[in-house]
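Understanding the architecture of this molecule
Residue strings, one per chain:
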Amino acid sequence: MAKFPMRGLLIALAIVGFIVFIASQNNLRQSSTNETLSVLLRDASDSYLSKVEVNGTKVIATRKGDIPTRYVAFTPNPLSTDEIQRIFVDKGIEVDVRHSFNWSALLFTLLPILLLIGFLWYLTRGMRSGNDGAMQFGKSKARMVSEEESNTFFKDVAGCEEAKDDLVEVVEFLKNPEKFKNLGARIPHGVLMVGPPGSGKTYLAKAVAGEAQVPFFSISGSDFVEMFVGVGAARVRDLFEVAKKNAPCIVFIDEIDAVGRRRGISVNGGNDEREQTLNALLVEMDGFETEHDIIIMAATNRPDVLDPALMRPGRFDRQITVDAPDVKGREAILKIHSVDKPLDEAVNLKQVAKRTPGFVGADLENLLNEAALVAARHGQDKILPADLEEAADRVVMGPARRSRVISPHERKLTAYHEAGHALAAHLLEYADPVHKITIVPRGNAGGYVMNFPDQDRMYSTAKMLLDSIAVALAGRAAEEIIFGDVSTGASNDFQQATRTARMMVTRWGMSDRVGKIALSEGSNSYLGDYETGQSYSDETAQQIDEEIKRIIDEQYQRILDLLNKERDLFERIVSALLEFETLHVEDFDKLMRGEELDLHHEPVEPPQVKEEAPKEDLDDDEDASGSIFPPNMIPKHG
Ligand code: ADP
Ligand code: MG
Ligand code: ZN
């Protein structure tokens, strides 16, 4: 049996014994009878008593006689010395004044106090351990990734060769610091990886962990953020404490924008906690000097919101850009992620890479996974090109919706709308060529035209931009020409056209009237462009609006004329679409050359759904995943 119940039993016994003892003491006194005060006083004045025992208000009197009897009487107030003298001593009665120790009274006064003390003790004990809890709060949540644990290596990363080279150097430094120190080179303190979501920043960090052969601590920026002010800062200090003990080592802070946000511009009126955390981080990064070989790696997709103090030399003095991969990179990533997937010989990964511009590593991995799922659903044991095709559509647009019935009129409207886009893309000299055109609804889109450049490109020219605006407007133009009525299906097209026109005017100096000035700073954000406050006059604002309208109106007129002129081609595309629903680049080119189409290889998907209206969702997808299927118009900055 355990020790504790024994002790509890003993304590309980002691208490019971004590109570019994007190009770018996009382009982002893109680064995005498009670008399009134007047009896006591009469007995006393008659000298009838041999002895009294005075104890507060209680008087125990012993009568004279052969058999002395005792009784108890109570006085209203405790008797004073004078009164005792006068009433008893003067009459020759022996007096015994007792200040008896009243155990029960003591118990009853002490018990609550004892209980209180016990309770307080218990409480403070709880608080002491609670304090430990608060101390735990301040502990960083950094997780040490051991080499065995990390099964990612540099060879698993593709498509970002420059970033990889930089990181290889970092790892080299930790493995072999003398080589660098002998040349007087200072180790980079901080390495900041910057790139769109899914481009492989976290993945690269894992590869570093796998290769480094030094301890690797991984923590996410959001782990510093807590409800209580000061905790984040404490965690930062603890993290560095741990890191110093384990030097040489690597500390990786993922999504550092959660703590590293520029101070003082917080939208919700300043955030003390975050600022304190950031300050602690800045101080710590300055604090460990050359004697500690610690390299801080961090990743973010919002370098624009980071505090400038973080980028100062001595802190994150090295920036590594992890960009969305180019064609070759995409092909390499596809190769890496398809090693465990049985591909049909007909699958050409180069081709897949070519038709997925804007896809980042995460998208490509997802694409292959979707393709495998499609293949499994069809009961195949290999992934066919068609599965990859389907998967690409899924990744971009969501799964095909074949369940809802659509009216023949809606289907026709979609066909004309998409044919307008396709024809414009085909005819305009600087527009990106058509790769696929379909009126099978996907996600929120009733149909779509996929057109993108044959190669990735860095810049767009004004002519390319104007043509891309015209292509975007062509859907609406087609509706107007054929039906004399317009639908809500073009809202996304307008957004795209307007955005391009606005950028031409305010950012790329492509409007003669407004001039060659940058009116919108733009931002380095990977999450699309947003205006950073207006810094020009109202007249200029009006000019900008007029210029945007002029550009859009001109392009709309141009495309109306073009579609009217090429009515034959236009109708040819529409009837092919209504028959086959999906046209690929070869089919489309054939059609444009006036050849007869025979698409028996392509099973016609049942004619059903059409819902063109809320195409805006596509935009969000673009932003979120960095994958852009509608023309890749916004030039990248080198
Ligand atoms: P982020 O940049 O947002 O941190 P991740 O590193 O989490 O992106 O990438 C998500 C996944 O995408 C990785 O787990 C990896 O499988 C895949 N991936 C991304 N980039 C690459 C790449 N360059 N090479 C191979 N796989 C990649
Ligand atoms: Mg990440
Ligand atoms: Zn459209």
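Quick caveat: nothing in here was measured; it's all calculated off a predicted structure.

What counts and how
Residues numbered from 1 in each chain as written. Chains lettered and ligands numbered in written order. Predicted model: local features only at pLDDT ≥ 70, side-chain atom pairs only at ≥ 80, totals over all residues. Heavy atoms only, no water. Helix = DSSP H or I, 4+ residues; strand = E, 2+ residues; numbered from the N terminus. Buried < 20%, exposed > 50% of the residue type's maximum accessible area, 1.4 Å probe, protein only. Contact = heavy atoms within 4.5 Å. Areas by Shrake-Rupley, 256 points an atom, 1.4 Å probe, with all protein chains shown as cover. Phe/Tyr/Trp six-rings, centres within 6.5 Å; stacked < 30°, edge-to-face > 60°. Pairing = 2+ DSSP bridges. Axes fitted to C-alpha atoms, helices over the stretch in contact; angles between N-to-C directions. Donors = N, O, S within 2.8 Å, 3.2 Å for Na, K, Ca; no water. pLDDT = per-residue confidence, 0-100. Parallel < 35°, antiparallel > 145°, perpendicular 65-115°, else oblique. Left-handed = near helix turned anticlockwise from the far one by under 90°. Nonpolar A, V, L, I, M, F, W, Y, C, P; charged D, E, K, R; others polar. Near = heavy atom within 4 Å. Polar contact = N/O pair within 3.5 Å; in protein donor to acceptor, adjacent residues only side chain to side chain. Domains from an automatic or database assignment. Patch = residues over 30% accessible without salt bridge, like charges linked within 9 Å, V, L, I, M, F, W, Y side chains within 5 Å. Salt bridge = Lys/Arg side-chain N within 4 Å of Asp/Glu carboxyl O. Lys, Arg positive; Asp, Glu negative; His and termini not counted. Charge placed at Lys NZ, Arg CZ, Asp CG, Glu CD. Expected span 1.5 Å × (residues − 1).

1. A short note on the overall build of the protein
If you tally the helices and strands in the protein, you get 21 helices and 14 strands. Taking all 638 residues of the protein together, the buried fraction comes to 45%. Taking contacts inside the protein between residues at least 6 apart in sequence as the whole, the part at least 24 apart equals 74%. A total of about 33000 Å² of accessible surface is found on the protein, and carbon and sulfur atoms cover 55% of it.

2. Description of the packing of aromatic side chains
Applying the stated criterion across every chain yields a total of four aromatic pairs. Aromatic rings pair up to connect Tyr-416, Phe-483 and Phe-570 into one cluster.

3. Describing the sheet that holds strand E13 (residues 448-451)
Taken in spatial order, the three strands make up an open sheet running E13-E12-E14, and their pairing is antiparallel. Either end of the sheet is taken by a strand with one partner, and the two such strands are E13 and strand E14 (582-584). Here the average twist between neighbouring strands, direction ignored, is 10°. This element, helix H14 (residues 385-397), spans strand E12 (434-438), E13 and E14 of the sheet and lies at about 105° to E13.

4. Topic: the coordination of the zinc ion (ligand 3)
The protein atoms donating to the zinc ion (ligand 3) are His-417 (NE2), His-421 (NE2) and Asp-493 (OD), with metal-donor distances spanning 2.0 to 2.1 Å. Coordination of the zinc ion (ligand 3) draws on donor residues from a single chain, spaced H-x3-H-x71-D in sequence. Of the two residues, His-421 sits in helix H15 (residues 408-427) while Asp-493 sits in helix H17 (residues 491-506), which places them 72 residues apart along the sequence. Residues His-421 and Asp-493 agree in their burial class; the two are buried.

5. Examining the confidence of the model for the protein
Looking at the protein, pLDDT values average 78 and 78% of them are 70 or higher. Helix H16 (residues 462-483) holds the highest mean pLDDT among the elements of the protein, 94, whereas helix H21 (residues 616-625) holds the lowest, 34. Scored below 50 in pLDDT, residues 130-134 makes zero contacts in the model with residues more than four places away or belonging to other chains.

6. As for the packing of H15 against H16
Axis angle and axis distance: for two packed helices, these are the angle between their axes and the distance between the axes, and together they describe the pair. Orientation of H15 relative to H16, taken along the N-to-C sense of each, is 130°, at an axis distance of 7 Å. For the element pair H15 / H16, the angle class is oblique. Once H15 is placed against H16, the crossing between them reads as right-handed. In this structure, H15 contributes His-409, Lys-412, Leu-413, Tyr-416, His-417, Gly-420, His-421, Ala-424 and Ala-425 to the contact, and H16 contributes Val-471, Ala-472, Ala-474, Gly-475, Arg-476, Ala-478, Glu-479, Ile-482 and Phe-483. Counted by class, the contact of H15 with H16 contains 10 nonpolar, five polar and three charged residues.

7. Let's talk about the site of ligand 1
In the vicinity of ligand 1 lie 16 residues, with Ala-158, Gly-198, Lys-201, Thr-202 and Tyr-203 positioned nearest. His-337 places a polar side-chain atom, nitrogen or oxygen, 2.8 Å from a nitrogen atom of ligand 1. Between ligand 1 and Ala-362, the relevant distance is 3.4 Å, taken from an oxygen atom to a main-chain nitrogen or oxygen of the residue. Expressed as a share of its isolated accessible area of 550 Å², the protein-covered part of ligand 1 is 85%. Broken down by secondary-structure element, the contributors of at least two residues to the shell around ligand 1 are helix H7 (201-212), helix H11 (327-337) and helix H13 (361-377). A breakdown of the residues in the shell around ligand 1 according to their chemical character gives seven nonpolar, six polar and three charged. There are two domains that each give the shell around ligand 1 at least three residues, and those are domain 3 (143-321) and domain 4 (337-397).

8. Topic: the pairing of strand E7 (residues 190-194)
Judged by how many residues are buried, E7 sits mostly within the fold: five of five residues are covered. Burial of E7 is two-sided: the residues Gly-190, Leu-192 and Val-194 facing one way and the residues Val-191 and Met-193 facing the other way are all buried. Sheet analysis places E7 next to strand E10 (residues 294-300), joined by five bridges and oriented parallel. The partner of Val-191 across the bridge, within E10, is Met-297. Here E7 pairs with strand E11 (residues 318-321) via four bridges, running parallel. Of the residues in E11, the one forming a bridge with Met-193 is Ile-320.

9. As for the sheet that holds strand E4 (residues 70-74)
Strand pairing in a sheet takes place through backbone hydrogen bonds and is either antiparallel or parallel in direction. Taken in spatial order, the five strands line up as E1-E4-E3-E2-E5 in an open sheet, and their pairing is mixed. Looking at the sheet topology across the chains shown, the edges are occupied by strand E1 (33-34) and strand E5 (94-97). Here five bridges tie strand E3 (residues 58-63) to E4, and the two strands are oriented antiparallel to one another. Following the sheet pairing, Thr-62 is matched in E4 by Arg-70. Seen against the sheet, helix H2 (residues 37-45) touches strand E2 (49-55), E3 and E4 and runs at an angle of roughly 120° to E4.

10. Comments concerning a negative patch on the surface
A contiguous patch of negative charge on the surface is contributed by Glu-162, Asp-165, Asp-323 and Asp-326. Within the secondary structure, Asp-323 is located in the loop between E11 and H11. You can call Asp-323 partly exposed: its relative accessible area is 40%.

11. Thoughts on the pattern of salt bridges
Following the criterion strictly, the structure yields 25 salt bridges and no others. A salt bridge links Glu-172 to Lys-179, with the nearest nitrogen and oxygen atoms 3.6 Å apart. By relative accessible area, which is 25% here, Glu-172 ends up partly exposed. For Lys-179, a relative accessible area of 45% corresponds to the partly exposed category. Several salt bridges converge on common partners, so that one network encompasses Arg-513, Glu-546, Glu-547, Arg-550 and Glu-554.

12. So, H15
Compared with an ideal rise of 1.5 Å per residue, which puts 20 residues at 28 Å, H15 spans 28 Å between its outermost C-alpha atoms and is within 8% of the ideal. Among the 20 residues in H15, 14 count as buried, and that is most of the element.

13. Remarks on unusual backbone geometry
Phi is mostly negative for residues that are not glycine, and the peptide bonds are mostly trans. Phi is positive for Ser-47, which is not a glycine, with a value near 55°. Counting through the fold element by element, Ser-47 comes out in the loop between H2 and E2.

14. Some remarks on the environment of Leu-388
With respect to the helices and strands, Leu-388 occurs in helix H14. In sequence terms Leu-388 and Leu-349 are 39 residues apart; their C-alpha atoms lie 9.6 Å from each other. Excluding residues within four positions of it along the chain, Leu-388 makes contact with Val-347, Val-352, Leu-367, Leu-368, Ala-371 and Ile-383.

15. A closer look at the packing of helix H5 (residues 161-175) against H7
The N-to-C vectors of H5 and H7 enclose an angle of 30°; their axes lie 10 Å apart at closest approach. Between H5 and H7, the crossing angle belongs to the class labelled roughly parallel. Like other packed secondary-structure pairs, H5 and H7 cross with a definite hand, here right-handed. Between H5 and H7, the residues in contact are Ala-163, Lys-164, Leu-167, Val-171 and Lys-175 and Leu-204, Val-208, Glu-211 and Ala-212, respectively.

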